[in-house]
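# Commentary on secondary and tertiary structure
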Amino acid sequence: MAIFFDDKYCKIARTVNNFIDQTTEIEMNVYKSKETREREKKLKDASLAFKNNAQNYLINNVKALIEETNKIQDIETIKNRKEFLEQNPKIEKLTERQEMIQSEGLMLIDRVLKEDIDIENLTYKDIWLQLGLTSDLCHKIDFLGTMSIGLDGVRENNLSRLYNATKEKIVSDVEDC
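Everything numeric in this text was worked out from a predicted model, so none of it was measured.

## Thoughts on the overall build of the protein
Along its length, the protein carries 5 helices and 5 strands. Secondary structure elements of the protein, listed N to C terminal, follow the sequence β-β-β-α-α-α-α-β-α-β. Taken over C-alpha atoms, the radius of gyration comes to 23 Å for the protein, far larger than the 16 Å a tight globule of 177 residues would show. Projecting the C-alpha coordinates of the protein onto the three principal axes gives extents of approximately 70 × 40 × 20 Å. Taken over 177 residues, the protein has a buried fraction of 32%. A separation threshold of at least 6 residues defines the contact pool for the protein, and within that pool the share at least 24 residues apart is 63%. A total of about 11400 Å² of accessible surface is found on the protein, and carbon and sulfur atoms cover 47% of it. Side-chain charges of the protein comprise 27 positive and 33 negative groups, with the mean position of each set lying 2 Å from the other.

Structure (structure tokens):
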């Protein structure tokens, strides 16, 4: 759901209710073009699926590492991590790899569609591709910025009602898109 007015494509990104002043502030993302908005709509599900898959993969990696560590010593009883890893090179290697994968994975989860990502420079590119990363997801959605509109009264977070209240506040012609 988005609106078009004054040659701008806008989508409500967040709202803030001010209970003291009895107002609601609506912040909208302003898109570069209609094509940009359509691109975001087209990639939304793929983006969410990749982020979910990557997050689950990272969680399962940590669980597997804990299981491997527990085979040697209960992880809760390890007092000196560095010493334990030095004495267990297999676990040390697994830990280093898992930490590098986690670092890259968290970066991707945070940046997909928000920042350009050089897919060819990813260390674990094959993993991310298997989890749903595509070159399309590596190109950010071009926003011009944000704009805010203040509404009288505290509004519930019902998107349809927020859009209707926003459209009433705008003096230009407004189209749904």
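Next comes the rest of the account.
## Some details on the environment of Glu175
Among the secondary structure elements, Glu175 is positioned in strand S5 (residues 175–176). Along the backbone, Glu175 and Phe5 are 170 residues apart, and their C-alpha atoms lie at a distance of 6.6 Å. Setting aside its immediate chain neighbours within four residues, Glu175 contacts Ala2, Ile3 and Phe4.

## Quick look at helix H5 (residues 159–169)
Where H5 is concerned, the buried positions are Leu162, Tyr163, Ala165 and Thr166. Projection of H5 onto a plane perpendicular to its axis shows the buried side chains occupying an angular sector of 165°, all on one side. Away from its buried face, by an angle of more than 90 degrees, H5 presents the exposed residues Arg161 and Glu168. Measuring from the side-chain oxygen of the N-cap residue of H5 to the backbone nitrogen of Ser160 gives 3.1 Å; that N-cap residue is Asn158.

## A word on unusual backbone geometry
Of note in this structure, Asp6 is not a glycine but carries a positive phi near 50°. Among the structural elements, Asp6 can be located in the loop between strand S1 (3–5) and strand S2 (8–18). Classification of Asp6 by relative accessible area gives partly exposed; the value is 43%. In this structure, Gln22 takes a positive phi of about 55° despite not being glycine. With respect to the helices, strands and loops of the structure, Gln22 is situated in the loop between S2 and strand S3 (23–31).

Conventions and cut-offs
- Residues numbered from 1 in each chain as written.
- Predicted model: local features only at pLDDT ≥ 70, side-chain atom pairs only at ≥ 80, totals over all residues.
- Heavy atoms only, no water.
- Helix = DSSP H or I, 4+ residues; strand = E, 2+ residues; numbered from the N terminus.
- Rg over C-alpha atoms; globule rule 2.2 N^0.38 Å.
- Buried < 20%, exposed > 50% of the residue type's maximum accessible area, 1.4 Å probe, protein only.
- Contact = heavy atoms within 4.5 Å.
- Areas by Shrake-Rupley, 256 points an atom, 1.4 Å probe, with all protein chains shown as cover.
- Lys, Arg positive; Asp, Glu negative; His and termini not counted.
- Charge placed at Lys NZ, Arg CZ, Asp CG, Glu CD.
- Arc of directions from axis to C-beta.
- Polar contact = N/O pair within 3.5 Å; in protein donor to acceptor, adjacent residues only side chain to side chain.

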